[in-house]
Protein chains: 2
Amino acid sequence: MTAEAAGTQQDAPEARHMNLEPVVAKLTRLFGDRATTAASVRDHHGHGEGYFPTRAPDMVIFPHTTEEVSDAVKVCALHNVPIVPFGTGTSLEGHVAAVEGGVCIDLSQMNSVVEVNDEDLDCRVQAGVTRKQLNEHLRDTGLFFPIDPGADASIGGMASTRASGTNAVRYGTMRENVMGLTVVTADGRIIKTGGRARKSSAGYDLTRIFVGAEGTLGIITEVQLRLYGIPEAITSAVCQYPDMESAVNTVIMTIQLGIPVARIEFLDDVQMQACIDYSKLEGYEGKPTLFFEFHGTEAGAAEQAEQVKAISDDLGGSAFQWTAKAEDRTHLWQARHDAYYAALALAPGKKGIATDACVPISRLAEAILDTKKDIEESGLVAPIVGHVGDGNFHLVLLYDEGDKEELGRCKALIERMNHRAIAMGGTCTGEHGIGMGKKHFLVAEHGDAVSYMRQVKKAFDPENIMNPGKMVSL
Amino acid sequence: MTAEAAGTQQDAPEARHMNLEPVVAKLTRLFGDRATTAASVRDHHGHGEGYFPTRAPDMVIFPHTTEEVSDAVKVCALHNVPIVPFGTGTSLEGHVAAVEGGVCIDLSQMNSVVEVNDEDLDCRVQAGVTRKQLNEHLRDTGLFFPIDPGADASIGGMASTRASGTNAVRYGTMRENVMGLTVVTADGRIIKTGGRARKSSAGYDLTRIFVGAEGTLGIITEVQLRLYGIPEAITSAVCQYPDMESAVNTVIMTIQLGIPVARIEFLDDVQMQACIDYSKLEGYEGKPTLFFEFHGTEAGAAEQAEQVKAISDDLGGSAFQWTAKAEDRTHLWQARHDAYYAALALAPGKKGIATDACVPISRLAEAILDTKKDIEESGLVAPIVGHVGDGNFHLVLLYDEGDKEELGRCKALIERMNHRAIAMGGTCTGEHGIGMGKKHFLVAEHGDAVSYMRQVKKAFDPENIMNPGKMVSL
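- If you look chain A up in an unreviewed UniProt entry, it shows as D-lactate dehydrogenase (cytochrome) from Hwanghaeella grinnelliae.
- Heading Sequence similarities (unreviewed entry) of the UniProt record for chain A holds this comment: "Belongs to the FAD-binding oxidoreductase/transferase type 4 family."

### Here we look at the packing of helix α16 (residues 404-423) of chain A against helix α17 (residues 439-446) of chain A
All names here are of chain A.
(1) Moving on: Contact geometry of α16 with α17 gives a least axis separation of 10 Å together with a crossing angle of 25°. In terms of orientation, α16 lies roughly parallel with respect to α17. α16 and α17 meet at a crossing whose hand is right-handed. Between α16, through I414, E415, N418, H419 and I422, and α17, the contact on the second element is made entirely by H440, F441, A444 and E445.
(2) Moving on: Among the residues making up the contact of α16 with α17, the classes are represented as four nonpolar, three polar and two charged.

### Section: the confidence of the model for chain A
(1) Moving on: Averaged over every residue, the pLDDT of chain A is 94; the share at 70 or more is 97%.
(2) Moving on: Across residues 1-13 of chain A the pLDDT falls below 50, and counting only partners more than four positions away or on other chains, this stretch makes 23 contacts in the model.

### Describing the relation of the copies chain B and chain A
(1) Moving on: Mapping chain B onto chain A leaves a residual RMSD of 0.0 Å; the transformation is a rotation of 180° accompanied by 0.0 Å of translation along its axis. Expressed as an axis order, the relation between the two copies is that of a two-fold axis.
(2) Moving on: Residue by residue, 100% of the interface of chain B is reproduced at the interface of chain A, so both copies engage with the same surface.

### Section: the sheet that holds strand β9 (residues 190-194) of chain B
Residue and element names in this part refer to chain B.
(1) Moving on: Read from one edge to the other, the open sheet built from five strands follows the order β5-β6-β10-β8-β9, with strand pairing classed as antiparallel. Each having just a single partner strand, β5 (113-117) and β9 make up the two edges of the open sheet. The average undirected angle you get between the axes of adjacent strands in this sheet is 15°.
(2) Moving on: As paired strands, β5 and strand β6 (residues 122-126) are joined by four bridges and run antiparallel to one another. Counterpart to V116 in the pairing with β6 is C123.

### Side note on the interface of chain B and chain A
(1) Moving on: Counting from both sides, the interface comprises 76 residues of chain B and, opposite them, 76 residues of chain A.
(2) Moving on: When the buried surface of chain B facing chain A is broken down by residue, B:K199, B:Y204 and B:Y452 rank first, second and third, together holding 17% of it.
(3) Moving on: Counting every contact that joins chain B to chain A gives five salt bridges.
(4) Moving on: For the salt bridge of B:K199 with A:D390, the shortest nitrogen-to-oxygen distance reads 3.2 Å.
(5) Moving on: Listing elements by their share of the side of chain B that touches chain A, those giving two or more residues are α7 (174-177), β9, α8 (206-210), α9 (244-256), α11 (298-314), α16 (439-446) and α17 (449-460) of chain B.
(6) Moving on: The leading source of residues in the side of chain B that touches chain A is α17(B), at nine residues.
(7) Moving on: The class makeup of the residues in the side of chain B that touches chain A is 26 nonpolar, 30 polar and 20 charged.

### Structural notes on the sheet that holds strand β5 (residues 113-117) of chain A
Residues and elements named next belong to chain A.
(1) Moving on: The sheet built from five strands is open, its strands ordered β5-β6-β10-β8-β9 with antiparallel pairing. The outermost strands of the open sheet, each flanked by one partner alone, are β5 and β9 (190-194). The average angle at which neighbouring strand axes cross in this sheet is 15°, direction not considered.
(2) Moving on: Sheet topology note: the strand β6 (residues 122-126)/strand β10 (residues 218-226) ladder contains five bridges and is antiparallel. Note on β10: the bridge partner recorded for D122 is R226.

### Describing the pattern of salt bridges
(1) Moving on: Summed over all chains, the structure comprises 55 salt bridges over all chains.
(2) Moving on: Residues joined by salt bridges that share partners form a network here, namely A:D148, A:R263, A:E293 and A:R329.

### Concerning the UniProt feature "domain: FAD-binding PCMH-type" (unreviewed entry) in chain A
(1) Moving on: Sequence positions flagged by UniProt for "domain: FAD-binding PCMH-type" (unreviewed entry) are, in local numbering, residues 53-230 of chain A.
(2) Moving on: Secondary structure within residues 53-230 of chain A divides into 22% helix and 26% strand; the distance between the first and last C-alpha atoms comes to 41 Å.

### A closer look at the nonpolar core
Nonpolar side chains in soluble globular proteins tend to end up buried together.
(1) Moving on: Counting 186 residues, the largest nonpolar core has A:M174 and B:M174 as the members making the most contacts within it.
(2) Moving on: Apart from residues lying up to four places away in sequence, B:M174 is in contact with B:F145, B:I147, B:I155, B:M158, B:A159, B:R162, B:A163, B:V211 and B:L225.

### Topic: the pairing of strand β16 (residues 351-358) of chain B
Residue and element names in this part refer to chain B.
(1) Moving on: Along β16, seven of the eight residues are buried, which leaves the element largely enclosed by surrounding structure.
(2) Moving on: In terms of strand pairing, β16 meets strand β18 (residues 392-399) through eight bridges, oriented antiparallel. Counterpart to G352 in the pairing with β18 is L398.

### Here we look at the packing of aromatic side chains
Residue and element names in this part refer to chain A.
(1) Moving on: Considering all chains together, one arrives at 20 aromatic pairs over all chains under this definition.
(2) Moving on: Here F210 and F460 contribute two aromatic rings whose centre-to-centre distance is 5.3 Å and whose plane-to-plane angle is 80°, an arrangement assigned as edge-to-face. Note that F210 is positioned in helix α9 (residues 206-210) and F460 in helix α18 (residues 449-460), a separation of 250 residues in sequence.
(3) Moving on: Its relative accessible area of 2% is what places F210 among the buried residues.
(4) Moving on: Note on F460: relative accessible area 2%, which makes it buried.
(5) Moving on: Plain terms: the ring middles of F292 and F294 are 5.9 Å apart, the flat faces sit at 15° to each other, and that makes the pair stacked.

### Considerations on the domain arrangement of chain A
Interface size is commonly expressed as the accessible area that is lost once the parts come together.
Residues and elements named next belong to chain A.
(1) Moving on: Looking at the assigned domains, one finds that chain A contains domain 1 (18-108), domain 2 (113-229) and domain 3 (235-432).
(2) Moving on: Computed over C-alpha atoms, the centres of domain 2 and domain 3 are 26 Å apart.
(3) Moving on: When domain 2 packs against domain 3, close to 1200 Å² is buried across both sides, 44% of that on carbon and sulfur atoms.
(4) Moving on: At the junction of domain 2 and domain 3, the tally comes to one salt bridge.
(5) Moving on: Across the salt bridge formed by R263 and D148, the nearest N and O atoms sit 3.2 Å from each other.
(6) Moving on: Our enumeration of links across domain 2 and domain 3 arrives at nine residue pairs in polar contact (both at pLDDT 80 or more).
(7) Moving on: Among the elements that make up the side of domain 2 that touches domain 3, the one with the highest residue count is helix α7 (residues 168-171) (four residues).
(8) Moving on: Class assignment for the residues of the side of domain 2 that touches domain 3 results in six nonpolar, six polar and four charged.

Parameters at a glance
- Residues numbered from 1 in each chain as written.
- Chains lettered and ligands numbered in written order.
- Predicted model: local features only at pLDDT ≥ 70, side-chain atom pairs only at ≥ 80, totals over all residues.
- Heavy atoms only, no water.
- UniProt positions renumbered as here; feature names shortened; annotations may be inferred.
- Axes fitted to C-alpha atoms, helices over the stretch in contact; angles between N-to-C directions.
- Helix = DSSP H or I, 4+ residues; strand = E, 2+ residues; numbered from the N terminus.
- Parallel < 35°, antiparallel > 145°, perpendicular 65-115°, else oblique.
- Left-handed = near helix turned anticlockwise from the far one by under 90°.
- Contact = heavy atoms within 4.5 Å.
- Nonpolar A, V, L, I, M, F, W, Y, C, P; charged D, E, K, R; others polar.
- pLDDT = per-residue confidence, 0-100.
- Least-squares fit on C-alpha atoms with pLDDT ≥ 70 in both.
- Pairing = 2+ DSSP bridges.
- Buried area = accessible area lost by both parts, 1.4 Å probe.
- Salt bridge = Lys/Arg side-chain N within 4 Å of Asp/Glu carboxyl O.
- Core = buried A, V, L, I, M, F, W, Y, C linked by side-chain atoms within 4.5 Å.
- Buried < 20%, exposed > 50% of the residue type's maximum accessible area, 1.4 Å probe, protein only.
- Phe/Tyr/Trp six-rings, centres within 6.5 Å; stacked < 30°, edge-to-face > 60°.
- Domains from an automatic or database assignment.
- Polar contact = N/O pair within 3.5 Å; in protein donor to acceptor, adjacent residues only side chain to side chain.

The structure is reproduced here in structure tokens:
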């Protein structure tokens, strides 16, 4: 690893000579009552759902169009004022903290579905459309958009963090499902990347440079997305296991056999008990548990379920509890989506740190068991939950906000979990992103390649005004 | 569109002051008899399978390791000598022509399968491994690698052109199936991108910057690939149609219904007759034809076939001709893969220009019918074939090498076809790439975004030594 990649070379930005006053004046003139410097609004925009302290921007604006975003960026660029894009504020690694101040561009009012091409199974949305809003909009088309992070995040934010969720094992992540983008670049130009063809060999893949870039290269204002037909049949099942190994090995066998499960979610004993209590799930015990969902034709979904059941039975799983009724399914998956809140409810008054890692599936049992052991030794309460079909698992570490020693133990545990994942050929984050919290893991994971990431940053944002202090910033 | 994107700004490279003599001497010392300046070898490396004139490099070397590639690149970089990476020489848009001379790095002797992780359904190969070699290597594992461009191309070359083929409708392209890379960058550094986790939100997606970059940003020396379990059941079917609309509409309906066909290939009447003659296909007529393949469990593959058959029957397709026997299937798909050679055999002595475009599926019938009309009006012989499940179709235009007027008509037809595809929201190339031949279409398709592609090029290769004159070079 070179000194540069290791972060020891000091090319950290000098103190920024930004000129805030004219920016505030100009943006107020342009945006009227859609521009504000009110402390409460600024504070609200200075943090996500992570454990990072609030770093309020100096101003918040609410554009309605790509052209308005472009106008605002041009003003900021002229005066060297940082810009932080903001969707729903549900990111976890300090992505929206305005660490150098500047202007927060809140895209939540850019919430129109621009077009739905049902014949081509694609659509175009403004960046502020949320995933639930999109699926509500699609309700009568027979189509759906499968990517579902825990929060009802905005599509622009989901693209920017390369989000995924419970359906990724079958439908892929934002990486696979964003077909093209409209982006406002650091000098305020508007570009379109990608297109509506299912594949293309035309030029560098700019779309996938911006997907996962966390707003550090430009601001995504529109997203072209792949859609999918709602399957003819959807069935869910829950199965409980005597121990974690049996549950994880059921996942591994299922993936290795290529059974096209739509969802396969793991909850450890602690998390399952938390969900039972929080979401009033009846008929279950606080044991290692898998939630499954099968999509297909009636016969196809049934066949997948039988195949998985056979594997599960062999490994000591309980009888499958079926939930074919849409209403029961919704309740079950809402409970899964509320796992974070269920975890928080384990220790009222405590805060939670949600973190994730992802490993090759053959190392999943080892990664989770070692992490479980770390948790026991740490004395912390930290339920494990995961999109385990992808090898992705999450931890919610509970701590007292005033208790620095406890927070230290949380951080030490995260260090061990992520370095272990990297050593296994995995990644320090499957879907949460780098933000402020995981910059050092990025270097540990990608070594010298990080110096090329910095070159990309310089190519798109030479003045470092786009969401500075995140991802590859020193 | 800015002047820069339109290519009118003159930042074309000045005449290169390269210093060939010491490079030849040093590389001869390093590579011994794996370095050559023999004219026959140089000529062989100066062209692909496209219609572009041979532009021979000054020297060809045959490294065995990533470190050797790195050593060679360092020597070239020191003396500002261009580098052209070479796989199997089967690209179609002049990708390997040494337009500014320099050193061709032939990777064909880097042909080891580094590792196969059958539990994780992935593998790592050196860049010179070909797709058939890989599948031969995997024979006893129950796994396969699905991406299959027409030629038995190298995996490194396939990654570099973002290749796909007949299975892409089900399994994706190189974009979706490359998990990580080892790359030698323009200054000779070795970096690793991506990893073995199924998904990651860690940093900019360098992997997908190099995939499709046609060797203009660095040299891919190793590739981590996704693999798939060989399906329990594979069945193929052929169906013939009274007219092109019926065939194409069968494709459109199949995709819109989300039936997970593994392959759905179109051959127009001219191409089908060519294949019948060339590959001795019995029992078929020279009519618009679809070749299908269904992968799944026994029941699943049969169900898919029934669903497609119902659509096809409605649209006037002939009775399905089944080819469940592996031997017959292989013959059928070999005939499909040999379509290019079958097309050439239509007019012995003539050359062929293979070109492609890709459109949203709803526009596919129109795109193909308009192209067919253009062909009729042009007086050219130009069979149409396509991976139509993705909206991707190909033309082989036959022309006399000495007949400039005929070549002109070919080029005019390609212009119309590609501009039409772009106007439909599609792309000027689904899988062949830009190379030298489609640089102007890239600008037509991506407008101002091309100026950012040029920024990427400068970030990775500031001296423009990596495969100059291709993709975004002016």
